[in-house]
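Read off the chains here:
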Amino acid sequence: NAGVTQTPKFQVLKTGQSMTLQCAQDMNHEYMSWYRQDPGMGLRLIHYSVGAGITDQGEVPNGYNVSRSTTEDFPLRLLSAAPSQTSVYFCASKSTTDTQYFGPGTRLTVL
Amino acid sequence: AQSVAQPEDQVNVAEGNPLTVKCTYSVSGNPYLFWYVQYPNRGLQFLLKYITGDNLVKGSYGFEAEFNKSQTSFHLKKPSALVSDSALYFCAVRAPSGGYNKLIFGAGTRLAVHP
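Residues numbered from 1 in each chain as written. Chains lettered and ligands numbered in written order. Predicted model: local features only at pLDDT ≥ 70, side-chain atom pairs only at ≥ 80, totals over all residues. Heavy atoms only, no water.

K.L.:
Would you take a moment to explain the overall build of chain B for this structure?
P.N.:
Across its full length, chain B holds zero helices and twelve strands. Starting at the N terminus and ending at the C terminus, chain B contains elements arranged as β-β-β-β-β-β-β-β-β-β-β-β. Projected onto its principal axes, the C-alpha coordinates of chain B cover approximately 45 × 30 × 20 Å. Burial status across chain B gives 48% buried among its 115 residues. (Helix = DSSP H or I, 4+ residues; strand = E, 2+ residues; numbered from the N terminus. Buried < 20%, exposed > 50% of the residue type's maximum accessible area, 1.4 Å probe, protein only.)

K.L.:
I tried to follow the sheet that holds strand S1 (residues 4–7) of chain A on my own but got confused; where do I start?
P.N.:
By definition, the strands of a sheet pair up through backbone hydrogen bonds, in either a parallel or an antiparallel sense. Residues and elements named next belong to chain A. Read across the open sheet, the four strands follow the order S1-S3-S8-S7; overall the sheet is antiparallel. Either end of the sheet is taken by a strand with one partner, and the two such strands are S1 and strand S7 (64–66). Strand-to-strand, the axes of this sheet are offset by a mean angle of 20°, without reference to chain direction. The pairing of S7 with strand S8 (residues 76–78) spans three bridges and is antiparallel. By the bridge assignment for S8, Asn65 is matched with Arg77. (Pairing = 2+ DSSP bridges. Axes fitted to C-alpha atoms, helices over the stretch in contact; angles between N-to-C directions.)

K.L.:
Honestly, the state of the cysteines in this entry has me stumped. Any pointers?
P.N.:
Here a disulfide denotes one covalent bond, and it connects the sulfur atoms of two cysteines. Residues and elements named next belong to chain A. For the structure shown, the criterion picks out two disulfides over all chains. With a sulfur-sulfur separation of 1.8 Å, Cys23 is cross-linked through a disulfide to Cys91. One disulfide, between Cys23 and Cys91, carries an S-S torsion of -70° and so falls in the left-handed class. Here Cys91 lies in strand S9 (residues 87–94) and Cys23 lies in strand S3 (residues 19–25), a separation of 68 residues in the sequence. For the pair Cys23 and Cys91, one class covers both residues: buried. (Disulfide = S-S within 2.5 Å.)

K.L.:
In this structure, what is going on with the layout of surface pockets? I would like to understand it.
P.N.:
Rolling a probe over the atoms, with the probe sized like a water molecule, indicates the empty space that remains. In this structure, the largest pocket encloses a volume near 640 Å³. Considering the residues around the largest pocket, the lining is formed by 29 residues, among which Gln37(A), Val88(A), Arg107(A), Gln38(B) and Asn41(B) are closest to the centre. Counting only elements with at least two residues in the lining of the largest pocket, the list comes to strand S4 (31–38), S9 and strand S11 (106–110) of chain A together with strand S10 (87–94) and strand S12 (109–114) of chain B. Residues that form the lining of the largest pocket fall into these classes: eleven nonpolar, twelve polar and six charged. Computed from the structure, the second largest pocket encloses a volume of approximately 200 Å³. Lining the second largest pocket are 13 residues, and of these Lys94(A), Ser95(A), Thr96(A), Thr97(A) and Asp98(A) sit closest to its centre. (1 Å grid on protein atoms, 1.4 Å probe; cavity = no way out; pocket = protein on both sides within 12 Å on 5 of 7 lines; lining within 4 Å. Points joined across faces, edges and corners; volume = space filled by probe spheres on them. Nonpolar A, V, L, I, M, F, W, Y, C, P; charged D, E, K, R; others polar.)

K.L.:
Would you take a moment to explain the environment of Gln10(B) for this structure?
P.N.:
Residue and element names in this part refer to chain B. One can find Gln10 in strand S2 (residues 10–14). Considered as a pair, Gln10 and Thr52 are 42 residues apart in the sequence and their alpha carbons are 29 Å apart. Residues contacting Gln10, with those up to four places away along its chain left out, are Thr109, Arg110 and Ala112. A distance of 3.0 Å separates a polar atom in the side chain of Gln10 from a polar atom in the side chain of Asn12. (Contact = heavy atoms within 4.5 Å. Polar contact = N/O pair within 3.5 Å; in protein donor to acceptor, adjacent residues only side chain to side chain.)

Shape descriptors only; they carry no functional weight alone.
Below is the structure:
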């Protein structure tokens, strides 16, 4: 049981480039979410999903897209990267007992 | 709207002394409250949660937290700090309805335990 996995661990993009951050979980959790972590701001919710085919916006959704075609996978897409999107991104899934399990994170730098 | 405040950016404690990391919240209705810990270059790990019942909640690694409804607080405590407790601690709140699916985090408090 690998828990929540994220790829890549590190990524450098140029402004305007696109990329997809991958997230997968093997715990059969319906709820998954994406957060970004910035110094002094804690974790801010970007998007979340309560099950396959269902997604919704969090606190800071602009510039990001998500989809949920399977229970296991919840990719986060940056369509046109901006320097303001430089951050550490965490994916999480939540159990039925309300405990969130976080992935190891992706450190993204946009130049 | 729900929100969480962690008033201290950093807490310094000597090893063996008790520690407290403060958290206050704002939410409509009865809150669901959580504490998570983050070690360097790692994701967050669950410590404990309060949903209902006894106001004193015990969690992992000897930590506990007390829910105080009148003061809207959920402070994290440990009777005797260890150097290995040094990490970044996050308080989080979720509303029981409305923002049901949104877990909102505080800015985090860095705990430094000195030998």
